[in-house]
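Residues per chain are reported as follows:
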Amino acid sequence: MSNGDAEANNLLLHTTGPADARLIDFEFAGYAHALTDAVCLYVPGPAWLTVGDPTTTGLAEEYRRTLALGIPEAQDDRRYGYGLAAACVSWALVRLHRFVLLDTRAPGDHSRLQLIATLEATAHTAENYQSLPRLTTWIRRLALVLRRRWPDVDQDLTDSARFPPYQARH
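Source: prediction; values computed, not measured.

Rules behind the numbers
- Residues numbered from 1 in each chain as written.
- Predicted model: local features only at pLDDT ≥ 70, side-chain atom pairs only at ≥ 80, totals over all residues.
- Heavy atoms only, no water.
- Phe/Tyr/Trp six-rings, centres within 6.5 Å; stacked < 30°, edge-to-face > 60°.
- Helix = DSSP H or I, 4+ residues; strand = E, 2+ residues; numbered from the N terminus.
- Buried < 20%, exposed > 50% of the residue type's maximum accessible area, 1.4 Å probe, protein only.
- Salt bridge = Lys/Arg side-chain N within 4 Å of Asp/Glu carboxyl O.

Engineer: Where do I start with the packing of aromatic side chains in this structure?
Structural biologist: Following the criterion strictly, the structure yields three aromatic pairs and no others. Judged by centre distance (6.1 Å) and plane angle (65°), the rings of Tyr-80 and Tyr-129 are edge-to-face. Of this pair, Tyr-80 sits in helix α4 (residues 77-96) while Tyr-129 sits in the loop between α6 (110-128) and α7 (133-149); the two residues are 49 residues apart in sequence, bridging distant segments of the chain. Judged by relative accessible area, which is 23%, Tyr-129 ranks as partly exposed. Here a set of aromatic residues connected by ring pairs shows up, and it is made of Tyr-42, Tyr-80 and Tyr-129.

See the structure below:
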């Protein structure tokens, strides 16, 4: 069972620590693959452009360790990487359906840049887990095509001064 929207802005943190955190916003709740909830650690959601590196923050390992308590297959690197990459690709394709709308928006609209960020973060995640190489190549090429189509958003998303990773509101 998933809340269907496990984005950072739908998590309430408690002063006693992450063990007492609470998910909110269940309007999209339903049964989904467990790795779909991990996508928000790797790929930007609708509310921001970039995400931090979940491996350096420890979030990736904490999620995987907790998942493995109920789904032991999460301990298998190949299976976990494939499943996570597939979940990220699925999210990117869901976001890609907005292309027709985004293509009509004025130059400089951040929603265009966010789509590129989503595609590139998806490809990066799949590459890190050495999964779905052909699909990853297609996603990288698509991001490049969109950068050329929308030259105003051909920006360096790795510049953390201009595009800082999402930070939870206090």
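Engineer: What should I look at first to understand the pattern of salt bridges in this one?
Structural biologist: A side chain with one charge may pair with a side chain of the opposite charge, provided their charged atoms come close. Under the counting rule described, the total for this entry stands at eight salt bridges. Here Asp-103 ties to Arg-149 by a salt bridge, and the two come within 2.6 Å at their closest N and O atoms. With a gap of 46 residues between them, Asp-103 in helix α5 (residues 99-103) and Arg-149 in helix α7 connect regions that are remote in the sequence. In this structure, Asp-152 and Arg-112 form a salt bridge, with 3.7 Å as the shortest nitrogen-oxygen distance. On the criterion of sequence distance, the pair formed by Asp-152 in the segment after α7 and Arg-112 in helix α6 is long-range, its members being 40 residues apart. Accessibility expressed as a relative area gives 28% for Asp-152, which makes it partly exposed. On the basis of relative accessible area, Arg-112 is assigned to the buried category, the value being 5%.

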